[in-house]
Number of protein chains: 2
Amino acid sequence: MAEPHDRPTPARLEVWGVTGLPEVGRADDVAGMIAEAVAAQGDALADRDVVVVTQKIVSKAEGAMVEVDPTDPRGHHAVVEAESVRVLRRRGDLAITETRHGFVCANAGVDLSNVEAGWAAVLPDDPDRSARRLRDGLRARTGAEVGVVVSDTFGRPWRRGLTDVAIGSAGLAALVDLRGSTDSLGRELHATEVALVDELAGAAELVMGKADRVPVAVVRGGPDWWFRRGGVRKELVRPPGEDLFR
Amino acid sequence: MAEPHDRPTPARLEVWGVTGLPEVGRADDVAGMIAEAVAAQGDALADRDVVVVTQKIVSKAEGAMVEVDPTDPRGHHAVVEAESVRVLRRRGDLAITETRHGFVCANAGVDLSNVEAGWAAVLPDDPDRSARRLRDGLRARTGAEVGVVVSDTFGRPWRRGLTDVAIGSAGLAALVDLRGSTDSLGRELHATEVALVDELAGAAELVMGKADRVPVAVVRGGPDWWFRRGGVRKELVRPPGEDLFR
């Protein structure tokens, strides 16, 4: 799916958080909210902007919420089980599980923070579809052909700390294939497929911050070749048969 | 090591590649080269810029290079063995190994691309020290108090594609602790230590590109609280005892 890359790197990127968004609820028009918040910042979305949106507000807008009895410690656990197709590791309250989308993450991505007490946000049913809808909505609202990333915060083995990665994307190369390119000494590069949408999600996190209500960021300045049809599930989720750690 | 975070997110970041750097060789003054290249772009480093430098040029400048017989397919393999303290998985030519620094990555980070035939670049002996030296050199050259990240390109389990991560850093919080903060609904956040330097490395990769000779990037606009003493090895390398996948 990834295409060989022989195109120049972008000269300069700007990354900024979209502030002033209202709390998102079920069936809210997130595209409209984003367009208005950007306008209130004195800006407007443009072609080839990348709009990064956290999973949390996508899940809220889509109603991907599950009731959890806050007095029952097993309540959260039961939701995690229901959202998982496989448990890879477990330690105390933490389970590293595989979701039906093929993501491997802590507690199947089920999240109690920034959610009303008694509820948990679960991952959107099809985050690539969520991204496509948001992209369509932003085009309808603003006329701009943007790329969209739905991001979530995942841990990883071997390294401490979390980074934001893409769980869905639209209008973007999820994976950029540098194979077939030559290095600066003219030799062919091997095994250099870069996870573009993950790096975009991480860059966006830098202007978001978990505690602040900045669930949307814009990355401006990307080159033409970033933008094509693509998605996370087809390009980035590693099939178990390819995987050395499952 | 990470400190609780109750400070605002940056409003806007700029990320740009430092172009026009000459090929780096052993004992070259990389700080001087970067300062000159930035000046040739009509800019100058400023306090609180983050300078991201790829491992490759750091290894070249430090002479972290090993001879490999290009006619012997076991030559590369022998270098990988020598650079590894443990092999986690092996498939064909690919070995996922742990380096003496505690990094888990493909082929111990030994790299044949963008290196003269007959040589392999290995990871710097102490990438945090490399970062500190570069930071000191940039201060001496420019007067600017910058943060420095030494980046490398790593794969990861479960997801296809590579992203750039930090193998060394100086003058930056490698890990930002959001625990102790409250979410936007006033509840305490758990387990949200963000790997700041990894997200910076990934953001920088967006303007680098492997095939192009842009081994240095600058991230401008970071807030004061990003900048403190810190390093990757102490903060980001997960001790085996904490790790569920080793």
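The rules behind these values
Residues numbered from 1 in each chain as written. Chains lettered and ligands numbered in written order. Predicted model: local features only at pLDDT ≥ 70, side-chain atom pairs only at ≥ 80, totals over all residues. Heavy atoms only, no water. Buried < 20%, exposed > 50% of the residue type's maximum accessible area, 1.4 Å probe, protein only. Helix = DSSP H or I, 4+ residues; strand = E, 2+ residues; numbered from the N terminus. Pairing = 2+ DSSP bridges. Phe/Tyr/Trp six-rings, centres within 6.5 Å; stacked < 30°, edge-to-face > 60°. Contact = heavy atoms within 4.5 Å. Salt bridge = Lys/Arg side-chain N within 4 Å of Asp/Glu carboxyl O. Polar contact = N/O pair within 3.5 Å; in protein donor to acceptor, adjacent residues only side chain to side chain. Least-squares fit on C-alpha atoms with pLDDT ≥ 70 in both.

Looking now at helix 2 (residues 55-62) of chain B. All names here are of chain B. Of all eight residues in helix 2, seven are buried; the element is thus mostly enclosed. Within helix 2, the full set of buried residues consists of Gln55, Lys56, Ile57, Val58, Ser59, Lys60 and Ala61. Phi for Gly63, located one or two positions after helix 2, is positive at around 70 degrees.

Right, let's get into the pairing of strand 12 (residues 216-220) of chain B. Residues and elements named next belong to chain B. Within strand 12, five of the five residues are buried, leaving the element largely enclosed by the surrounding structure. Burial along strand 12 is two-sided: Val216, Val218 and Arg220 facing one way and Ala217 and Val219 facing the other are all buried. One ladder, built from four bridges, connects strand 1 (residues 12-17) with strand 12; its direction is antiparallel. Across the sheet, residue Val15 finds its bridge partner in strand 12, namely Val219. Two elements, strand 2 (residues 50-54) and strand 12, share four bridges in a ladder whose sense is antiparallel. Counterpart to Val50 in the pairing with strand 12 is Val219.

By the definition in use, this model includes six aromatic pairs over all chains. Measuring from centroid to centroid gives 6.2 Å for Phe103 of chain A and Phe154 of chain A, while their planes differ by 70 degrees, and the two rings are edge-to-face. Note that Phe103 of chain A is positioned in the loop between strand 5 (94-99) and strand 6 (104-106) and Phe154 of chain A in strand 8 (residues 147-156), a separation of 51 residues in sequence. Grouping residues by exposure puts Phe103 of chain A and Phe154 of chain A together as buried. On the numbers, 6.4 Å between centres and 40 degrees between planes, the contact of Trp226 of chain B with Phe227 of chain B is tilted. The exposure classification of Trp226 of chain B matches that of Phe227 of chain B, with both residues buried.

Taken together, the contact between chain A and chain B spans 83 residues of the former and 83 residues of the latter. Counting across the chain A and chain B interface gives eight salt bridges. A salt bridge links Glu14 of chain A to Arg12 of chain B; its shortest N-O distance comes to 3.1 Å. Here chain A and chain B share 36 residue pairs in polar contact (both at pLDDT 80 or more) between them.

Attention now goes to the relation of the copies chain A and chain B. Superposing chain A onto chain B takes a rotation of 180 degrees combined with a translation of 0.0 Å along the rotation axis, leaving an RMSD of 0.0 Å. The operation mapping one copy onto its partner corresponds to a two-fold rotation axis. Mapped onto chain B, 100% of the interface residues of chain A again fall at the interface, so both copies present the same surface.

All right, on to the pattern of salt bridges then. Counted under the stated rule, the structure contains 46 salt bridges over all chains. With a closest N to O distance of 2.7 Å, Asp198 of chain B and Arg159 of chain A form a salt bridge. Note that Asp198 of chain B is positioned in helix 5 (residues 196-205) and Arg159 of chain A in strand 9 (residues 159-170), a pairing that runs across two chains. A relative accessible area of 4% means that Asp198 of chain B is categorised as buried. A relative accessible area of 8% means that Arg159 of chain A is categorised as buried. A salt bridge links Asp111 of chain B to Lys56 of chain B; the shortest N-O distance between them is 3.3 Å. Separated by 55 residues along the polypeptide, Asp111 of chain B in the loop between strand 6 (104-106) and strand 7 (119-121) and Lys56 of chain B in helix 2 bring together distant segments of the chain. Through salt bridges with shared partners, a single ionic network connects Glu83, Arg100, Asp125 and Arg129 of chain A.

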